[in-house]
Amino acid sequence: MKLTRPLTREQLPAWWAERDTLFAETRADLSAVERIDSVGLALLVQWSQALAARDQRLALCSPPDSFYPLADLYGVSSLFELPETDSRSQHGSE
């Protein structure tokens, strides 16, 4: 599923309203997401946990630069399938 709005506190009500549709998907294309904050990361974590309850994993494609430092800070990178070719997923952002 391609996400096109920021994953931020301001957008949370709209994302939450779509959670049943979102949480059914195992792939999130974030290439059009320009911003993600801690609230947006929390939404991705909940999505990942919903899938984990069904023995599935959330694959994130093209996360924005702001994803990596947040995921590293909160220690949640392992909850997601991340692009292997993206060096930022190795040790955080530069």
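Residues numbered from 1 in each chain as written. Predicted model: local features only at pLDDT ≥ 70, side-chain atom pairs only at ≥ 80, totals over all residues. Heavy atoms only, no water.

1. Some thoughts on helix H4 (residues 67-74)
What sets the pattern is the α-helix's 3.6 residues per turn: residues three or four places apart point alike.
Move 1: Turning to H4, its buried residues are Phe 67, Tyr 68, Leu 70 and Ala 71. Viewed along the axis of H4, the buried residues span an arc of 165°, placing them on a single side of the element.
Move 2: Two residues or fewer after H4 comes Gly 75, characterised by a positive phi angle close to 65°. (Buried < 20%, exposed > 50% of the residue type's maximum accessible area, 1.4 Å probe, protein only. Helix = DSSP H or I, 4+ residues; strand = E, 2+ residues; numbered from the N terminus. Arc of directions from axis to C-beta.)

2. Brief notes about the confidence of the model for the chain
Move 1: This prediction gives the chain a mean pLDDT of 90; 89% of its residues lie at or above 70.
Move 2: Here residues 89-94 is a poorly scored stretch, pLDDT under 50, and it has eleven contacts once near neighbours within four places are set aside; other chains count. (pLDDT = per-residue confidence, 0-100. Contact = heavy atoms within 4.5 Å.)

3. Side note on unusual backbone geometry
Move 1: Phi at Asp 55 is positive, roughly 60°, even though this residue is not glycine.
Move 2: Among the structural elements, Asp 55 can be located in the loop between helix H3 (38-52) and strand S2 (58-61).
Move 3: Relative accessible area serves as the criterion here: at 76%, Asp 55 is assigned to the exposed category.

4. Section: the packing of aromatic side chains
Move 1: Summed over the entire model, instances satisfying the criterion amount to four aromatic pairs.
Move 2: Ring centres 6.3 Å apart and planes at 80° place the aromatic pair Trp 16 and Phe 23 in the edge-to-face group.
Move 3: A relative accessible area of 33% places Trp 16 in the partly exposed class.
Move 4: Pairing Phe 67 with Tyr 68 gives two aromatic rings, centres 5.3 Å apart and planes at 85°, and the pair type is edge-to-face. With respect to burial, Phe 67 and Tyr 68 carry one shared label: buried.
Move 5: Through pairs of rings, three or more aromatic residues link up here, namely Trp 16, Phe 23 and Trp 47.
Move 6: In this structure, Arg 5 is placed above the aromatic ring of Trp 15, and the distance from its NZ or CZ to the ring centre is 4.0 Å. (Phe/Tyr/Trp six-rings, centres within 6.5 Å; stacked < 30°, edge-to-face > 60°. Lys NZ or Arg CZ within 6 Å of the ring centre and 35° of its normal.)

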